[in-house]
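# Architecture at a glance
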Amino acid sequence: MSLDKKEIVSRLPYSHPFLFVDEITDVSEKGIKGNYTFPEDSYFYEGHFLNNPVTPGVILIESMAQIGLVCFGIYLLASKTYDLKSNASVAMAETNVHFYAPVFPKEKIIVESELEYFRLNKLKCKVKLMKENGERVCVGTLAGMLIPNNEK
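As the structure is a computational prediction, the values presented were derived from the model and not from experiment. Within each chain, residue numbers correspond to sequence positions counted from 1 in written order. Only residues with pLDDT of at least 70 are given local features in this predicted model, and only at 80 or more are side-chain atom pairs given and counted; all residues enter the totals for whole chains, interfaces and linings. As a rule here, side-chain values cover all heavy atoms of the structure and leave hydrogens and water aside.

## Some details on the overall build of the chain
- Only DSSP runs of H or I with at least four residues qualify as helices, and only runs of E with at least two residues qualify as strands; both kinds are numbered from the N terminus onward. Helix and strand content of the chain: two helices and six strands.
- Residues count as neighbours in contact if any of their non-hydrogen atoms are within 4.5 Å of one another. Nonlocal contacts in the chain, meaning residues at least 24 apart in sequence, comprise 65% of its contacts between residues at least 6 apart.
- The Shrake-Rupley method, run with a 1.4 Å probe, gives the accessible areas here. Residue values count only the displayed protein chains as cover. For the chain, the accessible area works out to roughly 8200 Å², and carbon and sulfur atoms hold 50% of it.

Spelled out as structure tokens, the structure:
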């Protein structure tokens, strides 16, 4: 079974205000690419930083994980019967990210993820996050586990 790009996003176990995926633009067995535009009224800008809002690094990592691991994992597991909204969970296993530039309100980010390995439901990827103009924001390695609820 192969999923189309919109169906991948519809299967995410997140909702507003903690959904950081607008669309998936490319996906294959080797990687995934997607984007998100940070709304100016996002809750985390209030007070971060006063009079100069900047997207927190943890939110950038979450964006990388939602597109680069969870969306990609949904695609890779399409042939199985896992549904992350009802019968499976996602757990971050490893994060190593380096930051190079800030992201401000209303900026669109592009996330690209390249498969390192996927075995025993552990997915590890090289992930990079860039601004729409191609400027590098952060790069790193992320790994996560997709855990069916009946295996908890």
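That covers the picture; the talk isn't over yet.
## As for the pattern of salt bridges
- By definition here, a salt bridge exists when the distance from a side-chain nitrogen of Lys or Arg to a carboxyl oxygen of Asp or Glu is within 4 Å. Scanning the entire structure with this criterion turns up seven salt bridges.
- With a shortest N-O distance of 3.1 Å, E7 and R11 are connected by a salt bridge.
- According to the relative accessible area criterion, R11 is partly exposed, its value standing at 22%.
- Across the salt bridge formed by E94 and K124, the nearest N and O atoms sit 3.3 Å from each other. Of this pair, E94 sits in strand β3 (residues 88-99) while K124 sits in strand β5 (residues 122-131), placing them 30 residues apart in sequence.
- Whether a residue is buried, partly exposed or exposed follows from its accessible area with a 1.4 Å probe, protein chains only, as a fraction of its type maximum: under 20%, in between, or over 50%, in that order. For E94, a relative accessible area of 29% gives the class partly exposed.
- In the salt-bridge network here, residues are joined through shared partners; they are K33, E112 and K128.

From the geometry alone we can't say anything about function, so treat these as descriptive.
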